[in-house]
Amino acid sequence: MGILYDNLIQGYDSAHDTDGISGERLAKRLDAISEIGLTENNGSHRPGFSKEEKAAKELVSKWMREAGLEVRQDGAGNIFGRLAGKKNDLPAILSGSHLDSVPNGGHFDGVLGVLSALEVAEAWRESGYQPEKPYEVVVFSDEEGARFNGGLHGSEAVVGKGDIEEKLKLIDQDGMNFSEVLEDIGLSVDSYLGAKRDPEEIEMFAEVHIEQGKQLEREALPSGIVTGIAGPCWLEFTFTGEAGHAGNTPMNDRKDALVAASAFIGGVNELPASISDSAVATVGKMQVDPNGVNVIPGSVTLYVDIRDIFEETRDKLVDQVLALAEKIAAKHQISVNHVEKMRVSPVPIKEEKQQLLEASCHEANIRPYRLPSGAGHDAMIIGEKWPVAMLFTQSKDGISHNPAEWSDLNDCVQTVHVLKNFLEKMQE
Ligand SMILES: [Zn+2]
């Protein structure tokens, strides 16, 4: 076992090992997945549709089979491990998350949700419990979007969402298009389109995820009940000026795209405060062209990520960002155009599901605490077609998408108990 296992098991209180749930098994599995795509900085590198993501899926599939689940992969590379229900014709209850990561990411984001769902199946097996309804542990492909600047491709395939023509235009950093990337791991565009599931096959989806914020840590709680998921909007802007020699072009005769883009980035940072307490906007990626030390930047392409848990305020912020880009381009006498890469509606979570989660927290001796999700998750996509529920596990210092991402094993296992209680309540 590796360092992750040692750090997890240290300080673990085995009093949480009840009803067939095992902290040691969960820690060993988190450790084993962390070894796949492990970076020099002890981070995770498993981009969507990569050989590392595939290897992680294969390992989880093996565990699923050992737990008595019937495993299948769909045409988008999503993995489903199914436990038959006593009434096996009923729609299935799904739980899981993703195994891909951002470049040099952490070891809990996504993985914890998959392994928590699997741990419930293990616990049921050990206690001889068979649910009334079929139960499927699911691994969604390419959630993070590290590959194509836009993720959630696995859950979108299940929902049948998204414009395939747009997806076919996607090119990754190695110059491979969407179709080639799928073919590289034995899938195809046709198989991807065939992954769509009928509404009547699924009753609901429950996802455990690390909080990626500090609220639960502040409240000293292992888990929290998610009230809704903020919908992101991604905009790509290209500012086009004129490239020129840095030495021979006077300051008053320049159309410097980077100077304009810089003013825009500063402006974007100031907009959310005037919109709502939960609104956020971020520029996290930029390309400068020609990108030479002695060349005035001719064009700059950058991406703005805009979110809020309310659709109205989120869309208002999007409009203000667009207006700001026009205003700054005009001021700097350069041109700007934009492409909307993604706009997902925020997903509210039904009160009835939140109440079941509250009762499940009480049973696990956890004070119920409700909080919104600022980050997008597979549950956000699945929530467009089926009811969803979501549980957060406390994240140390709120750090995520970073090798320092950490959740205490005691908190992880207590969250599995809440999930298990909830899934059992869903059988009634
Ligand atoms: Zn995630």
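## Describing the coordination of the zinc ion
Summarising the metal site, the zinc ion is bound by the protein donors H98 (NE2), D109 (OD) and H209 (NE2), whose distances to it range over 2.0 to 2.1 Å. All donors to the zinc ion come from one chain, and their sequence spacing reads H-x10-D-x99-H. Taken together, the positions of H98 in strand β3 (residues 92–98) and D109 in the loop between β3 and α4 (111–127) put the pair 11 residues apart, joining distant regions of the chain. Note on accessibility: H98 and D109 belong to one class, buried.

## Let's talk about the pattern of salt bridges
On inspection of all chains with the given rule, the structure shows 31 salt bridges. R314 serves as the salt-bridge partner of E311, at 3.8 Å between the closest nitrogen and oxygen. On the criterion of helical spacing, the pair formed by E311 and R314 is a turn pair, its members being three residues apart in helix α11 (residues 311–331). With relative accessibility at 1%, the residue R314 sits in the buried group. Its salt-bridge partner being K396, residue D397 comes within 3.3 Å of it at the nearest N-O pair. The exposure class of D397 is partly exposed, given its relative accessible area of 37%. Residue classification places K396 among the partly exposed residues on the basis of a relative accessible area of 42%. In the salt-bridge network here, residues are joined through shared partners; they are R25, R29, E119, E122 and E126.

## Side note on the side chain of Q354
By the secondary structure assignment, Q354 is in helix α12 (residues 351–363). Owing to a relative accessible area of 4%, Q354 belongs among the buried residues under this scheme. Here the side chain of Q354 touches I349 through a polar contact of 2.8 Å, landing on its backbone oxygen. In this view, Q354 contacts I225, V226, T227, I349 and R370; residues no more than four positions away in its chain are not counted.

## Side note on the domain arrangement of the chain
Each assigned domain of the chain is listed with its residue range as follows: domain 1 (3–230 + 346–425) and domain 2 (231–343). Counting from both sides, the interface comprises 12 residues of domain 1 and, opposite them, 11 residues of domain 2. With both chains or domains summed, domain 1 and domain 2 bury close to 930 Å², and 62% of this area falls on carbon and sulfur atoms. Of all residues in domain 1, the largest losses of buried area upon contact with domain 2 belong to N149, A230 and P346, amounting jointly to 58% of the total for that side. If you look at where domain 1 meets domain 2, you find zero salt bridges.

## Description of the environment of A261
Looking at where A261 falls in the secondary structure, it is placed in helix α10 (residues 257–270). A relative accessible area of 0% places A261 in the buried class. With 67 residues separating them in the primary sequence, A261 and I328 have C-alpha atoms 8.2 Å apart. Residues in contact with A261, not counting those within four places in the same chain, are F239, V300 and L302.

## Section: the state of the cysteines
In this structure the tally under the stated criterion is zero disulfides. Not engaged in a disulfide, the cysteine C361 finds its nearest cysteine sulfur in C412; these two sulfurs lie 15 Å apart. Owing to a relative accessible area of 0%, C361 belongs among the buried residues under this scheme.

## Comments concerning the sheet that holds strand β11 (residues 299–308)
Across the sheet, four strands lie side by side as β9-β11-β7-β12; this open sheet has antiparallel pairing. The outermost strands of the open sheet, each flanked by one partner alone, are β9 (280–289) and β12 (335–343). When the angles between neighbouring strand axes are averaged without regard to direction, this sheet yields 20°. Its contacts with the sheet place α10 against β7 (231–240), β9 and β11, and it is angled at close to 10° to β11.

The rules behind the values
Residues numbered from 1 in each chain as written. Predicted model: local features only at pLDDT ≥ 70, side-chain atom pairs only at ≥ 80, totals over all residues. Heavy atoms only, no water. Donors = N, O, S within 2.8 Å, 3.2 Å for Na, K, Ca; no water. Helix = DSSP H or I, 4+ residues; strand = E, 2+ residues; numbered from the N terminus. Buried < 20%, exposed > 50% of the residue type's maximum accessible area, 1.4 Å probe, protein only. Salt bridge = Lys/Arg side-chain N within 4 Å of Asp/Glu carboxyl O. Polar contact = N/O pair within 3.5 Å; in protein donor to acceptor, adjacent residues only side chain to side chain. Contact = heavy atoms within 4.5 Å. Domains from an automatic or database assignment. Buried area = accessible area lost by both parts, 1.4 Å probe. Disulfide = S-S within 2.5 Å. Pairing = 2+ DSSP bridges. Axes fitted to C-alpha atoms, helices over the stretch in contact; angles between N-to-C directions.

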